[in-house]
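Coordinate inspection notes
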Amino acid sequence: MNNYMGPIHSASGFYKTPVSKGLLGVSLLSSFLLNFPLHNHRHLFLYSQAAILERHQFWRVFTSKLAYLDIKDLFVCSVLIYYFRVFERRYGSHKFASHMLATFVMGTGLEIAAAFFFKWLGFKIELLPSGPMCMVYPLFIPYHFDIPRVALGHVLGVPVTGKSFQYFLGLQLASGSVESVIVAVCGLFCGYLWRNNFMKVPTILTIPKFVASISYRVVGWALDSQVPPGDTIPMGATLELQRQEQMEQLEQQMIWQTVQQQQQQGGNVNMAENLVNGPGLFGNQIDLGGLRNRLNLGGLDPPGQPAEEPVTEENVQHLVDMGFGADRVREALQQSNNNVSAATNILLQES
């Protein structure tokens, strides 16, 4: 029964997320400096559409993205960047950095165009919010489509999931002003365009590998994070899966103890199968292909058959980018007939 392939480290801290760590560190440092000791230089970092287009101060496109001039924006975006670092583990740092570059270019262009359009319609558009929001809002799109929804309960009749807090932060960030709404909508639209490879712009705006290699050699030493010490909890591919795994450990112990009791009492196979496939602690709120499809209860499941399809390097790299070891990934893909979803479930199990 034991399919243990060795623990992998949890997603605590910025382990294997140097780009997220750098983005958060630069924005925090620059924002602190501009809000306190360098307060007199804040005017150089204002995101003014009029100054960019009418006075040709194009350098503001870059300076306005370096720091948050609003403390609320700084706090909310910092929390969101920390949550969204899971996508760097999923994509890999190179692809994630390319995503940041593409969303910066597309998002900034959409923001300026939208501000100009509303101003042309007669609306009074003030300064757009400063800070790299054009790289934060687009991540809500993969967060919505790719991160599983885990129901936690209801508050005043409203369903609450493990993703509700992040959505609340996004709404809070966009609720400051009309300009904040413009930036939020442009960011979400930009994320949708990137996801669908609109006009192949995301493919074109990819950081060359030699640039990524040189950048890592120059600043990698400052952005690398050590493996979290003494961490033995299996790492899920996302924060939601990590929470699910911790709860499934309890469910696994309860189910396994009951199945063993049924076997000792001469229970039949159907009884054990009904127990494993029953509602459990989570009901049918989410299908992660989890515990009930992963347990091999004392040989009740038929023995695995040889894989009909060879393991592909594309699937191996996809799972390696999610933070799993290459050797364990190949074993899991062989066991799952090169099925990425099933292999992910195998990798997430502790035993």
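These notes cover the structure that comes with them. All of these numbers come straight from a predicted model, not from anything done at the bench.

**Quick look at the overall build of the protein chain**
- A count of helical and extended segments in the protein chain gives 17 helices and two strands.
- Looking at the protein chain as a whole, 45% of its 351 residues are labelled buried.
- Look at the contacts in the protein chain between residues 6 or more apart in sequence, and 74% of them connect residues 24 or more apart.
- On the protein chain, roughly 18,900 Å² of surface is accessible, and the fraction owed to carbon and sulfur atoms is 62%.

**Focus on the pattern of salt bridges**
- The full count for this structure, using the stated rule, is five salt bridges.
- Close ionic contact of E111 with K65 constitutes a salt bridge, the shortest N to O distance being 2.8 Å. Residue E111 is found in helix α6 (residues 93–120), and its partner K65 is found in the loop between α3 (60–63) and α4 (71–84); the two are separated by 46 residues along the sequence.
- Exposure remark for E111: the relative accessible area of 0% places this residue in the buried category.
- Note that D146 and R195 form a salt bridge whose closest N and O atoms lie 3.2 Å from each other. With D146 in helix α7 (residues 140–146) and R195 in helix α9 (residues 178–195), this pair connects stretches of sequence that are 49 residues apart.
- On the basis of relative accessible area, D146 is assigned to the partly exposed category, the value being 27%.

**Here's the deal with the packing of helix α1 (residues 18–35) against α6**
- At a closest axis distance of 9 Å, the pairing of α1 and α6 adopts a crossing angle of 40°. One way to sum up the angle between α1 and α6 is to call them oblique. The segment α1 lies against α6, with P18, V19, S20 and L23 engaging S93, F96, A97 and M100.

**So, the packing of aromatic side chains**
- Throughout the structure, instances matching the rule amount to 15 aromatic pairs.
- Between F14 and Y82, the aromatic rings sit 5.4 Å apart at their centres with planes inclined by 80°, giving edge-to-face as the arrangement. Here F14 is found in the segment before α1, whereas its partner Y82 is found in helix α4, with 68 residues between them in sequence.
- Residue classification places Y82 among the partly exposed positions, given a relative accessible area of 32%.
- Each residue in the set F84, F87, Y91, Y137, F140, Y143, Y167 and W194 is aromatic and connected to the rest through ring pairs, giving one cluster.
- The ring of Y82 is capped by R85, whose NZ or CZ atom sits 3.8 Å from the centre of that ring.
- If you follow K163 out to its NZ or CZ, it ends over the ring of Y143, 5.2 Å from the centre.

**Topic: the pairing of strand β1 (residues 151–155)**
- Burial of β1 is sparse: only zero of the five residues sit out of reach of the surface.
- Pairing analysis gives four bridges linking β1 to strand β2 (residues 158–161), with the strands arranged antiparallel. Bridging across to β2, V155 finds its partner in V158.
- Between β1 and β2, which pair antiparallel in sequence order, lie two residues; one of them, L156, sits at a positive phi of approximately 55°.

**As for unusual backbone geometry**
- Its identity is not glycine, yet M199 carries a phi of approximately 50°, on the positive side.
- Within the fold, M199 resides in the loop between α9 and α10 (201–204).
- At K200, a residue that is not glycine, the phi angle is positive and equals roughly 60°.
- Looking at the element boundaries, K200 is found in the loop between α9 and α10.

**Digging into the nonpolar core**
- Counting residues in hydrophobic clusters, the biggest one holds 46 residues, and the most contacted among them are Y68, L80, F84, F87, M133, Y137 and L173.
- At the level of secondary structure, the elements contributing two or more residues to this core comprise α1, α4, α5 (86–91), α6, α7, α8 (164–174) and α9.
- Apart from the residues lying within four places of it in its own chain, the contact partners of F84 are F96, V136, L139, F140 and Y143.
- By size, the runner-up hydrophobic cluster in this structure holds 10 residues, among which are V316, L319, A343 and I346.

Parameters and conventions
- Residues numbered from 1 in each chain as written.
- Predicted model: local features only at pLDDT ≥ 70, side-chain atom pairs only at ≥ 80, totals over all residues.
- Heavy atoms only, no water.
- Helix = DSSP H or I, 4+ residues; strand = E, 2+ residues; numbered from the N terminus.
- Buried < 20%, exposed > 50% of the residue type's maximum accessible area, 1.4 Å probe, protein only.
- Contact = heavy atoms within 4.5 Å.
- Areas by Shrake-Rupley, 256 points an atom, 1.4 Å probe, with all protein chains shown as cover.
- Salt bridge = Lys/Arg side-chain N within 4 Å of Asp/Glu carboxyl O.
- Axes fitted to C-alpha atoms, helices over the stretch in contact; angles between N-to-C directions.
- Parallel < 35°, antiparallel > 145°, perpendicular 65-115°, else oblique.
- Phe/Tyr/Trp six-rings, centres within 6.5 Å; stacked < 30°, edge-to-face > 60°.
- Lys NZ or Arg CZ within 6 Å of the ring centre and 35° of its normal.
- Pairing = 2+ DSSP bridges.
- Core = buried A, V, L, I, M, F, W, Y, C linked by side-chain atoms within 4.5 Å.

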